[in-house]
Amino acid sequence: MKATLLGTGTSSGVPRIACDCAVCLSSDPRNKRLRCSLLVEGSGGNILVDTTPDLRLQSLRQGLRRVDAVLFTHPHVDHLYGLDELRSFCFGRSAPIPCYGDEGTLGRIRHVFDYAFKPVYQGMTESVPQLSLNSIAGPFELCGCPVEPLTVHHGRLPILAYRFGSFAYVTDCNAIPPASLGRLRGLEVLVLDALRHNNHPTHFTVAQALEVVAELRPRRAYLTHIAHDLDHEKTNAALPAGVELAYDGLSFEVA
Ligand SMILES: [Zn+2]
Ligand SMILES: [Zn+2]
Ligand SMILES: [Zn+2]
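Residues numbered from 1 in each chain as written. Chains lettered and ligands numbered in written order. Predicted model: local features only at pLDDT ≥ 70, side-chain atom pairs only at ≥ 80, totals over all residues. Heavy atoms only, no water.

1. Some thoughts on the pairing of strand β1 (residues 2-7)
For the record, the criterion: Throughout, exposure labels follow a simple rule: accessible area from a 1.4 Å probe, protein chains only, divided by the maximum for the residue type, with under 20% read as buried, over 50% as exposed, and the rest as partly exposed. Where helices and strands are cited, they refer to DSSP runs of H or I of at least four residues and of E of at least two residues respectively, numbered from the N terminus. If DSSP finds at least two bridges between two strands, the strands pair.
Extensive coverage of β1 is indicated by the burial of 5 of its 6 residues. Here β1 pairs with strand β14 (residues 251-253) via 3 bridges, running antiparallel. Each bridged residue has a counterpart across the sheet, and for A3 the counterpart in β14 is F252. Bridge analysis of β1 against strand β2 (residues 37-42) gives 5 bridges, and the strand direction is antiparallel. Note on β2: the bridge partner recorded for T4 is L39.

2. A look at the coordination of the zinc ion (ligand 1)
This is how the line gets drawn: Sodium, potassium and calcium take a 3.2 Å donor cutoff, other metals 2.8 Å, and in both cases only N, O and S atoms count; water is not among them, so sites may look incomplete. Sites are called tetrahedral only when four donors show all angles between 85 and 135 degrees, square planar or octahedral only when four or six donors show opposite pairs over 155 degrees and all other angles between 65 and 115, and irregular in any remaining case.
Surrounding the zinc ion (ligand 1) are the protein donor atoms D78 (OD), H79 (NE2), D172 (OD) and H225 (NE2), which sit 2.1 to 2.3 Å from the metal. Taken together, the 4 donor atoms coordinating the zinc ion (ligand 1) span angles of 91 to 160° at the metal, a pattern that classifies the geometry as irregular. Sequence positions of the residues that donate to the zinc ion (ligand 1) give the spacing D-H-x92-D-x52-H. The metal-metal distance between the zinc ion (ligand 1) and the zinc ion (ligand 3) is 3.5 Å, with D172 coordinating both. Taken together, the residues span a long stretch of sequence, with H79 in helix α3 (residues 77-80) and H225 in the loop between β12 (220-224) and α7 (232-237) at a distance of 146 residues. Comparing H79 with H225, the two get one shared label, buried.

3. Description of the sheet that holds β2
Keep this limit in mind: Fitting a line to C-alpha atoms yields each axis, with helices limited to the stretch in contact; the angle taken between N-to-C directions then spans 0 to 180 degrees. Residues count as neighbours in contact if any of their non-hydrogen atoms are within 4.5 Å of one another.
The mixed open sheet is built from 7 strands, whose spatial order is β6-β5-β4-β3-β2-β1-β14. The open sheet has two edge strands with one neighbour each: β6 (131-135) and β14. Here the average twist between neighbouring strands, direction ignored, is 20°. In terms of strand pairing, β2 meets strand β3 (residues 45-49) through 5 bridges, oriented antiparallel. Note on β3: the bridge partner recorded for L38 is V49. With respect to the sheet, helix α2 (residues 55-62) is in contact with β1, β2 and β3, its orientation differing from that of β1 by roughly 130°.

4. With respect to unusual backbone geometry
Note the cis peptide between V14 and P15, where omega equals 0°. With respect to the secondary-structure elements, P15 resides in the loop between β1 and α1 (22-25). In this structure, A18 is a non-glycine residue whose phi angle is positive, near 65°. With respect to the helices, strands and loops of the structure, A18 is situated in the loop between β1 and α1. Since its relative accessible area comes to 78%, A18 is described here as exposed.

5. Considerations on the environment of L133
Along the chain, L133 turns up in strand β6. Counting along the chain gives 16 residues from L133 to F117, while the straight-line C-alpha distance between them is 10.0 Å. When residues no more than four places from it in sequence are discounted, the contact partners of L133 are C99, L106, I109, R110 and F117.

Such coordinate-based values are descriptive only and should not be taken to indicate function.
This is the structure:
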């Protein structure tokens, strides 16, 4: 199973529009962060985690040619509102792309992208994305990968993190309840939210993320959902062994 981070930036992306800070003006490509999403290539196809407003650019940049299923973490704009771009992955498919999320996310999809579910457009791939919506109830298998959904807290909103075998993707959270923490042990790779150094009501800071890493002890950890406060090189140099700041395009193989 291969995992690739298609985006590692916070909701505004980095550089931020109209910002003249050192990170936004930096020429280091690792300081250029599209909105957070993940590609998991399993033996049975490609799983996309979240459809960001940058999905078109991310797909072109990655040379992504097919999406066989989509998992959603939560319905915030930076994780969902590029959903219409899935249309390009529907061309030539005989069946809708299966999408999975919690009830809150599926409700938001039906509301914001209502046109995609109108009976008149069903089967009209040229006009709207052809999608089937599936509520996640527990662990299941997708594209040859074991998928274990885990609840984490993103401020007051419970959202989904995902474990795929020995790899887990935990974006947008500032607390992990004990039941989920117990399911995140023994990992080869953990990708975890770490927005910036200053406190935030819905995201882990770097220090808070490092506390979680110290408790879970994955073999490797990558920090994601990064704001323009963090310069890649400077921040990365200060992280403990086994922990790195993620960057767009980072990929790794996991069992
Ligand atoms: Zn986000
Ligand atoms: Zn900036
Ligand atoms: Zn969010």
